[in-house]
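This is what each chain is made of:
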Amino acid sequence: MRTSRLTTREVQAHELMDDPACDPEALRRTYQQFRVVNRLVAGWRQVYTCRLRPIMSATTTTTVLDIGSGGGDVARALARWAGRDGLLLDITAIDPDARAHRFAKALPPTPSVTFRQSTSAQLVAAEARFDVVISNHVLHHLDGPDLARLVDDSLGLARRLIIHNDIARSRLAYAAYAVASRPFGRRSFISHDGLLSIRRSYRPAELASVVGPDWHVVEQFPYRILLLHPGSGTA
Ligand SMILES: C[S@@+](CC[C@H](N)C(=O)[O-])C[C@H]1O[C@@H](n2cnc3c(N)ncnc32)[C@H](O)[C@@H]1O
């Protein structure tokens, strides 16, 4: 295990799954395992209960954009929860990576979730608008100008709320994930890329310093950062 104190963010190393030539079977397993990891650590149930459900309605459809949806499990979970609560939700889940898009599309369809192969910038160019824009585990992939572009894209796309949910870098999270992910590591990138993701992730003060003053950085248990914005409000 890497023994660094994680005082600085890793910016050189890139995740194995980002390599276009990576092992496709290992990538497929990684997308499959995202579902388990996200359910255990990403805290979307809490985000849904405390931040999304209160602004949703049983009579008017709330539109949601999931940027960088990967295997699509977060979008599907939100649609299931909203369906159980009798709330109307329409989710567009985008990822520019053809491999992620193929994986998500190949699973049995979830009513009210549409998968599209697209970047956030392409939707901005198409003048698309959504009530809510979310992402999960996307911020740490991006540095400098790319992060600024994603943040700007989400501002251009959201009317009512933006929630970028990611890991908060911490030694304890790193040590716990190193142990917990070991059994899943065979022919999957979940252990290697998960650990690298923690090293690449932002601390709350770092993230706050690279976004504008209108954004709020909120911590959520365990070792999560939510980057929040109330959206532009215009139609
Ligand atoms: C680590 S994956 C996260 C997948 C999924 N959200 C999850 O948590 O399991 C990050 C994804 O973000 C996508 N991505 C990065 N920048 C993007 C952008 N500007 N628009 C849409 N997707 C983007 C990448 O293609 C990648 O599949």
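Look up a bit, the structure's there.
Since we're looking at a predicted model, the values are computed, not measured. (Residues numbered from 1 in each chain as written. Predicted model: local features only at pLDDT ≥ 70, side-chain atom pairs only at ≥ 80, totals over all residues. Heavy atoms only, no water.)

Caption draft 1: Representation of the sheet that holds strand β3 (residues 113–116) in the model. An order of β3-β2-β1-β4-β5-β7-β6 is seen for the seven strands of this open sheet, with the pairing classed as mixed. Each edge of the sheet is formed by a strand with only one pairing partner; in this case those strands are β3 and β6 (216–220). Across the sheet, the axes of successive neighbouring strands diverge by a mean angle of 20°, strand direction being ignored. Where β6 meets strand β7 (residues 224–229), five bridges bridge the pair, whose relative direction is antiparallel. Paired with Val218 across the bridge in β7 is Leu226. Across the sheet, helix α2 (residues 44–52) is in contact with β4 (130–136), β5 (158–167), β6 and β7; its angle to β5 comes to roughly 155°. (Pairing = 2+ DSSP bridges. Helix = DSSP H or I, 4+ residues; strand = E, 2+ residues; numbered from the N terminus. Axes fitted to C-alpha atoms, helices over the stretch in contact; angles between N-to-C directions. Contact = heavy atoms within 4.5 Å.)

Caption draft 2: Quick peek at the nonpolar core. Counting residues in hydrophobic clusters, the biggest one holds 27 residues, and the most contacted among them are Trp44, Tyr48, Leu52, Leu78, Ile91, Ile134 and Ile163. Among the elements that take part in this core, helix α3 (residues 73–84) stands out by supplying seven residues, more than any other. Apart from residues lying up to four places away in sequence, Ile91 is in contact with Val64, Ala75, Leu78, Ala79, Ser112, Val113 and Thr114. Membership of the second largest hydrophobic core comes to 23 residues, among which are Val138, Leu147, Tyr202 and Val211. (Core = buried A, V, L, I, M, F, W, Y, C linked by side-chain atoms within 4.5 Å. Buried < 20%, exposed > 50% of the residue type's maximum accessible area, 1.4 Å probe, protein only.)

Caption draft 3: Seen up close, the pattern of salt bridges. Counted by the stated rule, this structure contains 11 salt bridges. Linking Arg199 and Glu10 is a salt bridge whose minimum nitrogen-to-oxygen distance equals 3.1 Å. Linking Arg199 in helix α8 (residues 190–200) with Glu10 in the segment before α1 (24–42), this pair joins segments that are 189 residues apart in sequence. Each member of the pair, Arg199 together with Glu10, is buried. (Salt bridge = Lys/Arg side-chain N within 4 Å of Asp/Glu carboxyl O.)

Caption draft 4: How the structure looks around the site of the ligand. Around the ligand sit 17 residues in total, of which Asn38, Gly68, Asp95, Asn136 and His141 are the nearest. Backbone polar atom of Gly68 to a nitrogen atom of the ligand: 2.6 Å apart, as the coordinates give it. The fraction of the free accessible surface of the ligand (600 Å²) that becomes covered by protein chains is 89%. The class makeup of the residues in the shell around the ligand is five nonpolar, 10 polar and two charged. (Near = heavy atom within 4 Å. Polar contact = N/O pair within 3.5 Å; in protein donor to acceptor, adjacent residues only side chain to side chain. Areas by Shrake-Rupley, 256 points an atom, 1.4 Å probe, with all protein chains shown as cover. Nonpolar A, V, L, I, M, F, W, Y, C, P; charged D, E, K, R; others polar.)

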